[in-house]
Amino acid sequence: MIQNIISNPTFYNATQGTVAQMTIKTSLNAAARPGAILLDKNIDPHTKKFSASKEFLYQAISLGMYLGIIIPIFKHGAYALAKNKLFKDEAVFKAFPKPDEFKKFYKLGTEQEKLAKLKEISKATGDTFNRTNITEEGEHLANGVIETSSLIGTILGLAVVAPLTATKAIHPILKAVGLVKDEPKQNIQEKHDVKNDDEDDDDDKKVKDKDDD
């Protein structure tokens, strides 16, 4: 059932270019959102600079995590699982052990180019790969594995992993460039003393109210 779903052309068309689409979208956000903040005349200059920088860093870090870590892990992991466990008898995974190798084959423009590539692989490996054992359906299956892993990586990566990582990284970066400053210890102590005094006053008031009762 899984094989039928991910090798279905309709499913492929729905997920095609997931990584490219999300890369374009996040890149546009990285430029447009800070730009909109900087153009807002109702925000004071420091807040404007801080907010724009924070938004840019959030989008940039998320995109870097997405492209550099999340998608490669999901793509190579899912492809290896398909090759070694789920569809280990499929010739397409034997001919193309890595997803990037398959993608190059999949994007070849003509059938003649694909046949020539299969002949080249057969000669190099000693196995026989042709249109008998690597069919168009097999191509859709391997490509479906890649696109499905990219879709899952996009959902989990951009919705969960990347935002958490970006949020933790933003403050140290802003602090390093001087947009965030640590509050002096004296001020922190003063606030702490004020808080304790307020709590003492509240306790005294409660005791007094109890005595009055």
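Remember, it's a predicted structure, so these values are computed and weren't measured experimentally.

A.B. asks: Give me the lowdown on the environment of Val161, citing residues and values where you can.
C.D. replies: Relative to the helices and strands, Val161 is located in helix α8 (residues 136–176). For Val161, a relative accessible area of 37% corresponds to the partly exposed category. Taking C-alpha positions, Val161 is 8.7 Å from Tyr66, a pair spaced 95 residues apart along the chain. Once residues within four sequence positions are removed from consideration, Val161 is found in contact with Met65, Ile70 and Leu156.

A.B. asks: Provide a residue-level description of the packing of aromatic side chains, including the pertinent values.
C.D. replies: Evaluated as defined, the whole model comprises five aromatic pairs. Judged by centre distance (6.3 Å) and plane angle (10°), the rings of Phe87 and Phe93 are stacked. When the ring of Phe96 is compared with that of Phe102, the centres are 6.0 Å apart and the planes differ by 70°; the resulting orientation is edge-to-face. Across the pair, exposure class does not vary: Phe96 and Phe102 are buried alike. Every member of this aromatic cluster is reached through a ring pair, and the members are Phe96, Phe102, Phe105 and Tyr106. A cation over a ring is seen here: Lys114 above Phe105, with NZ or CZ 5.6 Å from the ring centre. Taking the ring centre of Tyr106 as reference, the NZ or CZ of Lys114 above it sits at 5.5 Å.

A.B. asks: Now, about the confidence of the model for the protein: what can you tell me, with residues and values included?
C.D. replies: Per-residue confidence for the protein gives a mean pLDDT of 77, with 75% of residues at or over 70. Scored below 50 in pLDDT, residues 183–192 makes two contacts in the model with residues more than four places away or belonging to other chains.

A.B. asks: Please provide a residue-by-residue account of the environment of Ala78, values included.
C.D. replies: For Ala78, the location among the structural elements is in helix α4 (residues 45–86). Sequence spacing of Ala78 and Pro99 is 21 residues, and the spatial spacing of their C-alpha atoms is 9.4 Å. When near neighbours in sequence (up to four residues on either side) are disregarded, Ala78 contacts Val145 and Ser149.

Conventions used here
- Residues numbered from 1 in each chain as written.
- Predicted model: local features only at pLDDT ≥ 70, side-chain atom pairs only at ≥ 80, totals over all residues.
- Heavy atoms only, no water.
- Helix = DSSP H or I, 4+ residues; strand = E, 2+ residues; numbered from the N terminus.
- Buried < 20%, exposed > 50% of the residue type's maximum accessible area, 1.4 Å probe, protein only.
- Contact = heavy atoms within 4.5 Å.
- Phe/Tyr/Trp six-rings, centres within 6.5 Å; stacked < 30°, edge-to-face > 60°.
- Lys NZ or Arg CZ within 6 Å of the ring centre and 35° of its normal.
- pLDDT = per-residue confidence, 0-100.

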